[in-house]
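Each chain is listed here by its residues.
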Protein chains: 4
Amino acid sequence: MSAAAFDHQHTRVPLPFDVKSLRGLSEKMMQSHWENNYSGAVNALNNVRGRLSQALSDANTPPYVYNGLKREQLLRTGSVVLHELYFANLGGDGKASGDLRSRIAASFGTFDVWESEFRKIGQGLGGGSGWVVLGYNHRLKLLENYWLADHGSNPADTAPLLVMDMYEHAYQMDYGAAAARYIDAFFANIQWDAVSKRL
Amino acid sequence: MSAAAFDHQHTRVPLPFDVKSLRGLSEKMMQSHWENNYSGAVNALNNVRGRLSQALSDANTPPYVYNGLKREQLLRTGSVVLHELYFANLGGDGKASGDLRSRIAASFGTFDVWESEFRKIGQGLGGGSGWVVLGYNHRLKLLENYWLADHGSNPADTAPLLVMDMYEHAYQMDYGAAAARYIDAFFANIQWDAVSKRL
Amino acid sequence: MSAAAFDHQHTRVPLPFDVKSLRGLSEKMMQSHWENNYSGAVNALNNVRGRLSQALSDANTPPYVYNGLKREQLLRTGSVVLHELYFANLGGDGKASGDLRSRIAASFGTFDVWESEFRKIGQGLGGGSGWVVLGYNHRLKLLENYWLADHGSNPADTAPLLVMDMYEHAYQMDYGAAAARYIDAFFANIQWDAVSKRL
Amino acid sequence: MSAAAFDHQHTRVPLPFDVKSLRGLSEKMMQSHWENNYSGAVNALNNVRGRLSQALSDANTPPYVYNGLKREQLLRTGSVVLHELYFANLGGDGKASGDLRSRIAASFGTFDVWESEFRKIGQGLGGGSGWVVLGYNHRLKLLENYWLADHGSNPADTAPLLVMDMYEHAYQMDYGAAAARYIDAFFANIQWDAVSKRL
């Protein structure tokens, strides 16, 4: 088969900010995050796509083996997409304003309630992994926060707006197990303009 | 807290077709599917939302207990959204045409390759549960098929276009373990106009 | 590689009771359960084992593709093991007595509390799938009930004693969505002697 | 309810080795692992147990909310049990011998094949989390390696013998993203006598 769905090779998106400019998130950690975790996901997704193409052409592939590869595709797709959104919503001054801030306040009662739920979710990762996402659910027509226990756990039919990586590779190198301090640093560096444009 | 994200009560969407008009999918099974499985998910989502509101106000709720509820919210959100899309893409004559058919063919090489992958995924559900989704991934700019092992496993930043329920409640009553015959019936009843409008 | 861990071919264990003797669980459903769901899991496990052997010998297999197969192995292993324990704890008169009954009562306060929790877990399966297990946790030295959301979700270091299948193939054919009536039938047919011997 | 299954409060097991004696695994990292990740799991398990007891007594708790807590119980149980086994199989000289070595070799063809699979699984963790376990499956009567994607993913009816933590908190502080170097250090410190006694 020669077609986009099977042949597409994803190209890595560079870090969209000066890696030395973040406050409280070290250059060393961000570089490692991009080069190891994100790049590894891109390579894996591209490799799995090729294997799917082969497996679909091979009549001996049982459906449950095929779906083992589809599961990997779903996981790597989530990792690639969420990492790109995460990097792209960093590099700012952390100050939310304007229409998005108003809409968040309207949905959650106040902006502070939204922030307190977003932070609470980030602190509740028992297994040391996962994502916190503010998303707009197209079907429910709601702005909501979601907890994603892994890359493949996403809300259905939802545009991710603000994405926070809570895998330990996002903070252990700088903060050890002090996840709350990492969440402070994340908030201080949010690029809210990028978040607004996603809505 | 009094705010949409916590107070929203979802209302059930009626079946968007004459339940006697489907070919090979019995009225009894579709009614049970809507009244038990879909309605149960709506009730659960509404209930969990209320519990989240209480738990966020209670300083004694540890974050990992809060996230247990957030996980339930994610699962019920997926069940509600995917069921509504599933019902709404049934009731048609199963004949794809026009722009969407062309775009699927362009993405997968041919329309038949797309259909063969979609069907193969449906036959590979080892555990008797899951969804098959043709989606448009906004980030990767690709039409792709996905296998969702449960309601909470969704592709990130993706619009679901065609949704097939492969939980056993979708077919056991009519077909027992003969999932492939259910998939035939599903394809014969696809409402492609509804699918096209989602793109 | 020629070795048990890679070459083992599992042989199906026949149903350990007269399939016409169960009360409230039809011969048709139990036969379908054994022939389709259980046998499918055995075939899948044997097939995946062969693929693992090949993949380990092939230096081109990236670890994340290898682990996709390992995940399938874990899921099929769970399905095979849990199905065999489920069938083997049916075919009795449902009357618990003796030492096991006393130990359950001691662990849960009363036998009825144990039964009410076991039944409640069975009724809470939002996705239409999963298992309920009474197990003895060797590390914690506790008799506990567990909810397994899929075949691969099991308590660590625990001997499963009583196993109830809550996948929809275990009851939809006889009871539709009325899971509580299936649970009644399950309890009426428990083979408690088999359960006692597992302790 | 006053009974072991609901009231049991687990007590932390101290690190069973001199934390300064390990080679290539720093005192700082091991202390953080024990004090933050393991102790956090013990606290969470004890807390969830209390909440289960309350929820079971409350007729207003819907089964799907109850099962949200049971899922947390399963996850924390896995984290507690697997961490204790992990710590207890460190502190040795890494040299396997005797009966267990022979049995591993018999099951996998050679001891080196076993080790190569165990290491390969460890390198394949796409999401930065999980466990690798050599276990004895009581039902299949096989020594096998398993990949556990999270604390709740365990092989059914299996005694864990050798347990390697691949969550990033187990190695990022010392090795960053260089998981393979951590695996070397893990192997150099295996306490094989403890592993043998588990069989």
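Here, the structure is the one placed above.
About the thresholds
Residues numbered from 1 in each chain as written. Chains lettered and ligands numbered in written order. Predicted model: local features only at pLDDT ≥ 70, side-chain atom pairs only at ≥ 80, totals over all residues. Heavy atoms only, no water. Contact = heavy atoms within 4.5 Å. Buried area = accessible area lost by both parts, 1.4 Å probe. Salt bridge = Lys/Arg side-chain N within 4 Å of Asp/Glu carboxyl O. Helix = DSSP H or I, 4+ residues; strand = E, 2+ residues; numbered from the N terminus. Nonpolar A, V, L, I, M, F, W, Y, C, P; charged D, E, K, R; others polar. Least-squares fit on C-alpha atoms with pLDDT ≥ 70 in both. Polar contact = N/O pair within 3.5 Å; in protein donor to acceptor, adjacent residues only side chain to side chain.

### Observations concerning the interface of chain D and chain C
Reports of interface size often rely on the accessible area that becomes lost once the parts have come together. Between chain D and chain C, the residue contacts involve 62 residues of the former and 62 residues of the latter. Of all residues in chain D, Lys120(D), Arg139(D) and Trp147(D) give up the largest surface area on contact with chain C, accounting jointly for 14% of the area buried on that side. At the surface where chain D touches chain C, the tally comes to six salt bridges. Residues Lys70(C) and Glu117(D) are paired through a salt bridge, measuring 2.9 Å at the closest nitrogen-oxygen approach. Among the secondary structure elements, those contributing two or more residues to the side of chain D that touches chain C are helix 1 (4–7), helix 2 (27–57), helix 3 (63–88), helix 4 (98–108), helix 5 (111–122), strand 2 (142–148) and strand 3 (158–165) of chain D. The dominant element in the side of chain D that touches chain C, judged by the number of residues it contributes, is helix 3 of chain D, at 15 residues. Split into classes, the residues belonging to the side of chain D that touches chain C amount to 33 nonpolar, 19 polar and 10 charged.

### Concerning the relation of the copies chain D and chain A
Superposing chain D onto chain A requires a rotation of 180° together with a translation of 0.0 Å along the rotation axis, leaving an RMSD of 0.0 Å. Look at the turn and shift together and you get a two-fold axis relating the two.

### Let's talk about the interface of chain D and chain A
On the side of chain A, 15 residues touch chain D, which itself brings 15 residues to the contact. Buried area between chain D and chain A, both sides added, is near 1200 Å², and the carbon and sulfur share of it is 48%. Inspection of the region where chain D meets chain A yields zero salt bridges. Summed over the shared surface of chain D and chain A, the number is three residue pairs in polar contact (both at pLDDT 80 or more). Those elements giving two or more residues to the side of chain D that touches chain A turn out to be helix 2 and helix 6 (172–175) of chain D. Of all the elements, helix 2 of chain D adds the most residues to the side of chain D that touches chain A, at three residues. Residues of the side of chain D that touches chain A, tallied by class, amount to three nonpolar, 10 polar and two charged.

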